[in-house]
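The residues making up each chain are set out below.
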Amino acid sequence: MYELTPKQAQKIVNKMMKDIPYNINIMDKTGIIIGSGNKERIGTLHHGAVAAIKQKRIVPIEKDEEFVKKGINLPIEWNESILGVVGISGEIKETSPFGKLVKSTVLLLIEQSIASEKENRRKNVKQEFFNLLIDPNTIYTKDLIDQASSYNVQLNKPSQLVYIEFQKNVDETIVKDFPFFQPYQNTLCVVVQEPNNMEELRDNLAKYQDIFVSVSKINDKIADGFLQTKLALKVLKGLFLHQKIIFYADCEFIADLSYSLQKIKKTALHSDLLETNDELIKTLQAYLNCNMNMNETASQLIVHRNTLNYRLNRIYKITGKDPKNILDLLELIFMLISRIK
């Protein structure tokens, strides 16, 4: 059976007292005050509430007593059970007109809270299931295959994953027609198992400017595709200045090599050398995107070539790696990728 929590009760009290000019108390099903405009009363027994619970009716208190204030007490009923009591302190004639309004509002807020908790539980179950899918050690049992079907994912079919990172809030509407999960905050991961669906999804995503997108290869296991999207996203955010979408198939070598280097901590020690200078990071990205062509890089950055030279020399001074030296530039590339968490 649903139970009111002190946090929920106080939230309801705070909301109601913005519109009702009287103190409001909310008591649990035993009559203990768990939410109140008068914080000192929280945790005390409200005898008017106890009476309302026993009698299952509105109980008025005509005058102040030692442990209760005058006012009305209305039992909160949900599915033929009493969850608690809402009390409005004040003169009976003045508080009575607010009684039904307050009770109806409390029930509405409880209903919303129950719906929200139910939705959170649903999301948690879905998240736990996806965590199993992206674990490379997970075996596709019959139960897991059946559970996947409830999310429109066929584990016995190859799949391609599309990982979307939002710069602001997640917008699920852009993937509502596809099986999707939310691995982390501000991210979505779509499971694509039909080639035509990939084209449709790409068309949808092309309308958005504030997202980063990485696409895996076609794999038998979702865990493989998920890792590929994560590695490709690091390459995208680390090396490219304006690009918003990347395919793992187009950066497989450098993505895998970067991953291997990070696992043995070969690039992590120096990955933060440029972190505090966004201008130099963008300069190095533009330099790479323009295939080390100085004129094109200066044009893309809208700076004089001498300014570009100065910035490249600054990178050399800070990191000890010369962007104009191919071997040093390779290390700088892995520094850029490694700094992306």
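S.K.: Looking at this structure, how should I read helix 7 (residues 248-263)?
M.R.: Think of an α-helix as turning once every 3.6 residues; residues three or four places apart then point the same way. The terminal C-alpha atoms of helix 7, which comprises 16 residues, lie only 19 Å apart, well short of the 22 Å expected from a rise of 1.5 Å per residue. Along its length, helix 7 reaches its greatest deviation from straightness, about 40°, at Ile254. By the burial criterion, the buried members of helix 7 are Tyr248, Cys251, Ile254, Ala255, Ser258 and Leu261. Those residues of helix 7 hidden inside the fold are in contact with strand 9 (211-215), helix 6 (222-239), strand 10 (245-247) and helix 11 (326-338).

S.K.: Honestly, the packing of helix 6 against helix 7 in this entry has me stumped. Any pointers?
M.R.: The axes of two packed helices give the description: the angle between them and the distance between them. One can describe the packing of helix 6 onto helix 7 by two numbers: an axis separation of 8 Å at closest approach and a directional angle of 90°. Our classification of the angle between helix 6 and helix 7 gives roughly perpendicular. Where helix 6 abuts helix 7, its residues Leu227, Gln228, Leu231, Ala232, Lys234, Val235 and Leu239 lie against Tyr248, Cys251, Ile254, Ala255, Asp256, Tyr259 and Gln262. Looking at the contact of helix 6 with helix 7, its residues break down into 10 nonpolar, 2 polar and 2 charged.

S.K.: I tried to follow the sheet that holds strand 7 (residues 180-181) on my own but got confused; where do I start?
M.R.: One key point about sheets: their strands pair by backbone hydrogen bonds, in either a parallel or an antiparallel sense. What the 5 strands build is an open sheet, ordered 7-8-6-9-10; its pairing is mixed. Unpaired on one side and paired on the other, strand 7 and strand 10 mark the two borders of the sheet. In terms of strand pairing, strand 7 meets strand 8 (residues 187-192) through 2 bridges, oriented antiparallel. Counterpart to Phe181 in the pairing with strand 8 is Cys189. Its contacts with the sheet put helix 5 (residues 195-205) on strand 6 (160-166), strand 8, strand 9 and strand 10, and the angle it makes with strand 6 is roughly 10°. Across the sheet, helix 7 is in contact with strand 9 and strand 10; its angle to strand 10 comes to roughly 75°.

S.K.: Can you help me understand the packing of aromatic side chains in this one?
M.R.: How two aromatic rings sit relative to each other is given by the distance of their centres and the angle of their planes. Scanning the entire structure with this criterion turns up 8 aromatic pairs. The interplanar angle of 85° and the centroid separation of 5.7 Å between the aromatic rings of Phe130 and Phe226 together place this pair among those described as edge-to-face. Remark: Phe226 occurs in helix 6 and Phe130 occurs in helix 3 (residues 92-133); sequence separation between them is 96 residues. Judged by its relative accessible area of 0%, Phe130 falls in the buried class.

S.K.: Looking at this structure, how should I read the sheet that holds strand 2 (residues 33-36)?
M.R.: Spatially, 2-1-5-4-3 is the arrangement adopted by the 5 strands of the open sheet, whose pairing is antiparallel. Strand pairing shows two members of the sheet lacking a second neighbour, strand 2 and strand 3 (59-61), which therefore form its edges. Between one strand axis and the next, the sheet turns through 25° on average, direction left out of account. Across 3 bridges, the pairing between strand 1 (residues 24-28) and strand 2 is antiparallel. Looking at the pairing, Ile26 lines up with Gly35 of strand 2. Along the sheet, helix 2 (residues 47-55) contacts strand 1, strand 3, strand 4 (71-78) and strand 5 (81-89); its crossing angle with strand 3, the most-contacted strand, is approximately 160°.

Cut-off values and rules
- Residues numbered from 1 in each chain as written.
- Predicted model: local features only at pLDDT ≥ 70, side-chain atom pairs only at ≥ 80, totals over all residues.
- Heavy atoms only, no water.
- Helix = DSSP H or I, 4+ residues; strand = E, 2+ residues; numbered from the N terminus.
- Expected span 1.5 Å × (residues − 1).
- Bend = angle between axes of the 7 residues up to and from the residue.
- Buried < 20%, exposed > 50% of the residue type's maximum accessible area, 1.4 Å probe, protein only.
- Contact = heavy atoms within 4.5 Å.
- Axes fitted to C-alpha atoms, helices over the stretch in contact; angles between N-to-C directions.
- Parallel < 35°, antiparallel > 145°, perpendicular 65-115°, else oblique.
- Nonpolar A, V, L, I, M, F, W, Y, C, P; charged D, E, K, R; others polar.
- Pairing = 2+ DSSP bridges.
- Phe/Tyr/Trp six-rings, centres within 6.5 Å; stacked < 30°, edge-to-face > 60°.

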